[in-house]
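Inside the fold
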Amino acid sequence: MSVYEYVGNLHVHTCYSDGTARHSEVAQAATEAGIDFVVVTDHNVWVDGVEGYYGETLLLVGEELHDVRCRPQASHLLAFQAEAELAPLVSDPQATVNEVGRQGGFCFLAHPFERNSPIDPELDAILWNDWDVTGYTGIELWNYMSEFKGLLRNRLAALFYAYFPAIGIRGPYRRTLRQWDELLIDGNRVSAIGGADAHGKTYSLGPLSRKVFPYSYLFRCVNTHVLTELPLNGELSRDKELIYNSLKAGRTWVGYDLPASSSGFEFRARSGANEALIGEELVRAGAVVFKVRTPRSADIRLIRDGETVARSQGQTLEYTTARDGTYRVEAYRRHWLERRGWIFSSPVYVK
């Protein structure tokens with residue numbers, strides 16, 4: 001089956017909540033960064049009438065749902081394709097997830113684990129606390145601004161990383177990866193996305209002020225890559241459906257595209273005449289052969305139910321097994337002399 005790859009960012013705020021840009025400006029920044037689509041997810045507000053193509057960039061609208069009365073803040077949910085305002089339900093996370101589904105949408109748990117920054121109460125960690133909730137599609141495995149917030153251990157660190165963020169950005173938190181694997185081991189289908197959590201705000205530290213970070217910069221960093229069944233053709237309703245179908249199916253990987261683009265990554269499995277790509281189920285008919293290819297040389301790891309079962313240094317990995325399980329790929333590259341997370345794929349499910 002032919003598939004088509006597109007790159008987008010799924011966690012973005014505008015001036016309708018706590019961002020600084022209009023929707024057209026967000027789309028322009030996405031165009032400058034070279035990504036194909038962007039989904040605006042303002043806090044507890046669904047903005048109608050702004051979706052469409054802005055030049056070659058597809059802009060869609062979702063929503064980041066959470067209970068503003070909750071102290072400390074917790075359990076933020078990214079909702080897509082619901083096409084309705086759902087903020088009145090946010091006091092009950094399960095009811096919110098259920099209503100998103102009833103409206104024809106789907107959702108991801110936003111930045112499920114974070115680290116506090118002590119320099120400002122606005123930088124407190126916002127965790128996902130409601131792990132008994134069911135019915136969501138996946139988790140935001142890697143949130144750029146969430147990780148950046150965790151680097152700001154004091155004012156000196158804040159000043160340093162505001163100018164040299166790439167030195168501190170390393171990858172998804174290990175706790176998030178462990179939680180993801182636990183969910184998969186328990187038999188849940190949970191896919192992965194990554195996002196900028198872009199706001200475009202200017203922060204001040206004494207006499208110094210800096211926009212941390214421009215939308216166009218963040219759209220070059222942690223993105224979500226999707227595989228669609230057909231190519232986008234510029235028709236809003238059709239292309240929107242293609243993007244959302246791929247996200248719902250888990251045909252995704254998270255790519256840290258700043259050090260090196262992850263476009264062209266491949267992960268597939270075959271058993272007899274049966275074949276599966278990212279997000280798909282493979283019915284085992286004997287041995288299973290996994291093939292992984294990365295666009296640049298990397299430390300590639302094949303993970304089964306939370307354990308590394310194969311590892312390769314280079315651009316390819318091939319592994320043969322007769323074991324069922326949930327398989328996903330991690331790839332790491334060196335950047336600023338340190339190992340950084342690069343690619344994190346949604347699973348292939350072998351039955």
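Structure shown above.
Below, the structure is looked at part by part.

Rules used throughout
Residues numbered from 1 in each chain as written. Predicted model: local features only at pLDDT ≥ 70, side-chain atom pairs only at ≥ 80, totals over all residues. Heavy atoms only, no water. Helix = DSSP H or I, 4+ residues; strand = E, 2+ residues; numbered from the N terminus. Buried < 20%, exposed > 50% of the residue type's maximum accessible area, 1.4 Å probe, protein only. Salt bridge = Lys/Arg side-chain N within 4 Å of Asp/Glu carboxyl O. Arc of directions from axis to C-beta. Contact = heavy atoms within 4.5 Å. Core = buried A, V, L, I, M, F, W, Y, C linked by side-chain atoms within 4.5 Å. Polar contact = N/O pair within 3.5 Å; in protein donor to acceptor, adjacent residues only side chain to side chain. Phe/Tyr/Trp six-rings, centres within 6.5 Å; stacked < 30°, edge-to-face > 60°.

1. Quick word on the environment of Pro-112
- Within the secondary structure, Pro-112 sits in the loop between strand S7 (106-109) and strand S8 (138-143).
- Classification of Pro-112 as buried rests on a relative accessible area of 1%.

2. Focus: the pattern of salt bridges
- A full pass over the atoms with the stated rule returns 17 salt bridges.
- The salt bridge partner of Asp-324 is Arg-284, with a shortest N-O separation of 2.7 Å. Of this pair, Asp-324 sits in the loop between strand S18 (307-321) and strand S19 (325-335) while Arg-284 sits in the loop between strand S16 (281-282) and strand S17 (288-304); the two residues are 40 residues apart in sequence, bridging distant segments of the chain.
- Look at Asp-324 and you get partly exposed, because its relative accessible area is 32%.
- What makes Arg-284 partly exposed here is its relative accessible area of 31%.
- In this structure, Arg-328 engages Glu-330 in a salt bridge whose closest nitrogen and oxygen atoms are separated by 2.7 Å. Of the two residues, Arg-328 and Glu-330, neither departs from the other in class, the shared state being buried.
- Sharing partners across several salt bridges, the network here consists of Glu-51, Glu-83 and Lys-240.

3. Details of helix H1 (residues 23-33)
- Those residues of H1 lying buried are His-23, Val-26, Ala-27, Ala-29, Ala-30 and Ala-33. In an axial view of H1, the angular spread of the buried residues amounts to 160°, which keeps them on one side of the axis.
- Where H1 is buried, its residues contact strand S1 (4-12), strand S2 (37-40), strand S3 (52-54), strand S4 (57-61) and helix H6 (215-218).
- Of the residues one or two after H1, Gly-34 is the one with positive phi, at around 85°.

4. As for the nonpolar core
- In this structure, Val-26, Tyr-144, Phe-148 and Phe-219 are the most contacted members of the largest nonpolar core, which totals 63 residues.
- The contacts of Phe-219, once residues within four sequence positions are left out, are Asn-9, Val-12, Val-26, Ala-29, Ala-30, Ala-33, Ile-35, Val-38, Ala-196 and Ala-198.

5. Observations regarding the environment of Ser-17
- The topology assignment puts Ser-17 in the loop between S1 and H1.
- Between the C-alpha atom of Ser-17 and that of Thr-41, which follows or precedes it by 24 residues, the distance is 9.1 Å.
- Not counting residues up to four positions away in its chain, the partners in contact with Ser-17 are Asp-42 and His-43.
- A distance of 2.6 Å separates the side chain of Ser-17 from the side chain of Asp-42, its partner in a polar contact.

6. Observations concerning the packing of aromatic side chains
- Applying the stated criterion across every chain, the model contains 19 aromatic pairs.
- Between Trp-142 and Tyr-256 the ring centres are 5.3 Å apart and the planes differ by 55°, which places this aromatic pair in the tilted class. One end of the pair, Trp-142, is in strand S8; the other, Tyr-256, is in strand S13 (residues 252-256), with 114 residues separating them in the sequence.
- Tyr-256 gets classed as buried once you look at its relative accessible area, which sits at 0%.
- Here the aromatic rings of Trp-142 and Phe-344 are separated by 6.0 Å at their centres, their planes lie at 90°, and the arrangement is edge-to-face.

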